[in-house]
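# Breakdown of the fold
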Amino acid sequence: NNTMTKNLKVLVSSNDFPASGLKVLEEHFTVVQTKYLNFGEEGRTLAKEDLLKLIPGSSALVWLSHHPISKELLDRAGPQLKLVATVSAGYNHCNLDELKARGIKLSNTPNVLASAVAEIAVGLMLGAARRFTENLDQVHKGDWEIGFDKVLGQDIRGSTVGIIGLGGIGQAVVKRLAGFEVSKFVYTGHREKPEAKALGAEFVTQDQLLAQSDFIVLAVPLTNETKHMINKDTLGKMKSNAIVINVGRGDLVDQEALYDALKNKQIYAAGLDVTTPEPLPKDHKLLTLPNLFVLPHIGSATERTRSDMAVLAANNVVNALTGKPLLTPVNL
Ligand SMILES: O=CC(=O)O
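Scope of this entry: the structure provided in the associated data block. (Residues numbered from 1 in each chain as written. Predicted model: local features only at pLDDT ≥ 70, side-chain atom pairs only at ≥ 80, totals over all residues. Heavy atoms only, no water.)

## Describing the site of the ligand
Neighbouring the ligand are the residues Ser88, Ala89, Gly90, Leu113, Arg249 and His297. Within the backbone of Gly90, a nitrogen or oxygen atom sits 2.7 Å from an oxygen atom of the ligand. Compared with its free state, where it exposes 190 Å², the ligand has 85% of that area covered by protein. Here the shell around the ligand is built from residues that sort into two nonpolar, three polar and one charged. (Near = heavy atom within 4 Å. Polar contact = N/O pair within 3.5 Å; in protein donor to acceptor, adjacent residues only side chain to side chain. Areas by Shrake-Rupley, 256 points an atom, 1.4 Å probe, with all protein chains shown as cover. Nonpolar A, V, L, I, M, F, W, Y, C, P; charged D, E, K, R; others polar.)

## Things to note about the nonpolar core
Grouped together as the largest cluster of nonpolar side chains are 58 residues, with contacts concentrated most on Leu25, Val161 and Val317. Setting aside anything within four residues of it in sequence, one finds Leu25 in contact with Val10, Val12, Phe17, Val31, Val62, Ala314 and Val317. One finds Leu222, Leu258, Leu286 and Leu289 within the second-largest nonpolar core, a separate group that totals 29 residues. (Core = buried A, V, L, I, M, F, W, Y, C linked by side-chain atoms within 4.5 Å. Buried < 20%, exposed > 50% of the residue type's maximum accessible area, 1.4 Å probe, protein only. Contact = heavy atoms within 4.5 Å.)

## Quick look at the pattern of salt bridges
In total, this model carries eleven salt bridges according to the counting rule given. With a closest N to O distance of 3.0 Å, Glu98 and Arg102 form a salt bridge. With a gap of four residues between them, Glu98 and Arg102 both fall in helix H5 (residues 96-102), about one helical turn apart. With a closest N to O distance of 3.6 Å, Glu202 and Lys184 form a salt bridge. With Glu202 in strand E8 (residues 201-203) and Lys184 in strand E7 (residues 184-188), the pair connects residues that are 18 residues apart, well separated along the chain. Connected through shared salt-bridge partners, Lys71, Asp75, Glu98 and Arg102 make up one network. (Salt bridge = Lys/Arg side-chain N within 4 Å of Asp/Glu carboxyl O. Helix = DSSP H or I, 4+ residues; strand = E, 2+ residues; numbered from the N terminus.)

## Notes on the sheet that holds strand E1 (residues 9-12)
The sheet built from five strands is open, its strands ordered E2-E1-E3-E4-E5 with parallel pairing. Looking along the sheet, the strands with just one partner apiece sit at the ends: strand E2 (30-33) and strand E5 (105-107). Neighbour-to-neighbour, the strand axes of the sheet open up by a mean angle of 20°, direction not taken into account. One ladder, built from three bridges, connects strand E4 (residues 83-86) with E5; its direction is parallel. Its bridge partner lying in E5, Leu83 is registered against Lys105. Where helix H2 (residues 19-28) meets the sheet, its contacts fall on E1, E2 and strand E3 (58-63), and the angle it forms with E2 comes to roughly 135°. Packing of helix H13 (residues 303-321) onto the sheet brings it into contact with E1, E3, E4 and E5, and relative to E4 it is tilted by some 170°. (Pairing = 2+ DSSP bridges. Axes fitted to C-alpha atoms, helices over the stretch in contact; angles between N-to-C directions.)

## Concerning the environment of Val253
Considering the arrangement of structural elements, one finds Val253 in the loop between strand E10 (243-246) and helix H12 (255-263). Along the chain, Val253 and Leu235 lie 18 residues apart, while their C-alpha atoms are 9.9 Å from each other. Those residues within four positions of Val253 in sequence are excluded, and the remaining contacts are Leu218, His228, Ile230, Asn246 and Leu258.

## Structural notes on the sheet that holds E10
Reading across the sheet, the seven strands line up as E8-E7-E6-E9-E10-E11-E12 and stay open at both edges, with parallel pairing between neighbours. The sheet is open, and its two edges are formed by E8 and strand E12 (292-294), each paired on a single side. Neighbour-to-neighbour, the strand axes of the sheet open up by a mean angle of 20°, direction not taken into account. Sheet topology note: the strand E11 (residues 269-272)/E12 ladder contains three bridges and is parallel. Paired with Leu272 across the two strands is Val294, which belongs to E12. Across the sheet, helix H6 (residues 114-129) touches strand E6 (160-164), strand E9 (215-218), E10, E11 and E12, and the angle it forms with E10 is around 150°.

## Description of the packing of H6 against helix H8 (residues 168-176)
Two elements in contact, H6 and H8, have axes whose closest approach is 8 Å; the angle formed by their N-to-C orientations is 55°. In terms of orientation, H6 lies oblique with respect to H8. Once H6 is placed against H8, the crossing between them reads as right-handed. Seen from H6, the contacting residues are Ala114, Ser115, Val117, Ala118, Glu119, Ala121 and Val122; seen from H8, they are Gly168, Ile169, Ala172, Val173 and Arg176. Looking at the contact of H6 with H8 residue by residue, the class counts come to eight nonpolar, two polar and two charged. (Parallel < 35°, antiparallel > 145°, perpendicular 65-115°, else oblique. Left-handed = near helix turned anticlockwise from the far one by under 90°.)

## Thoughts on the pairing of E1
A regular strand carries its side chains on alternate faces of the sheet. For E1 and E2, the ladder comprises four bridges, and the chain directions are parallel. Along E2, the bridge assignment pairs Lys9 with Thr30. Running through H2, the crossover from E1 to the neighbouring parallel element E2 is right-handed. As paired elements, E1 and E3 share four bridges and run parallel to each other. Considered in E3, the bridge of Val10 is made with Ala60. (Right-handed = clockwise from strand over helix to strand, strands pointing away.)

What follows is the structure, given as structure tokens:
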């Protein structure tokens, strides 16, 4: 019965939450939206004031940014807060201990974004392997190298693709590469995955994966354990033609070490959809590298996927505030 929940306040931390998700929320609750929560300095300041003004008394927060869910923010929200619904697969911006201590639930939006993120992973593989950065540079300069001695790339055909983290996104990457004549898929992670067999992916140690792979795809969440998992040491274990792809979080990679490895051609190339910080300043030294292909964190950025994420987040709010189990809980 909606009249029972209409007085509950749900805060949406952006004014560009998809209409499909908003509709679900507005049927049940009183929805307030912060004006915007940008990553740019100016936007952040403005939105923060807005946020601090609107957050008190909220029963749920629908979180559309990587702005930290901190102790201070939760204090400000107040003791009636039941759920944080982050509209993302990753939840490294949330203080899990603090949520747990207060009995506040957390939901995320896995699965619905796996195919869109996997498509971007494949795009990054092509972009890095076929050297889109320097080739696009030639197009913009109107100065094309034509002929057999032009910049030559690498094939996906015949390669070994190593997936670090064969979860929803990692599996979707393997599925999407089905037509590319990959010679071998290997993966690593905490444990063997039952789905791997049907995908033809072989479980190996991290060191084996690093030593064998022509493409190394990072599809793990950022945790204390995975932070800087790509570093001087692990880069040193890769093949000289290795291509590193990151669709997880920027901090999975020690960017200084990656810069050195790309600059010195210790590995062949990298493709990143995520960096530290975001946005990467336009004069950042990583952007001087011809063998780096960067996208501005667009993994889940399609109309359909963003709408699916919004509806899933909204339904998690409905469930949390009507005493039903969450559809996609994060275990705290
Ligand atoms: O980065 C995006 C996500 O975690 O969904």
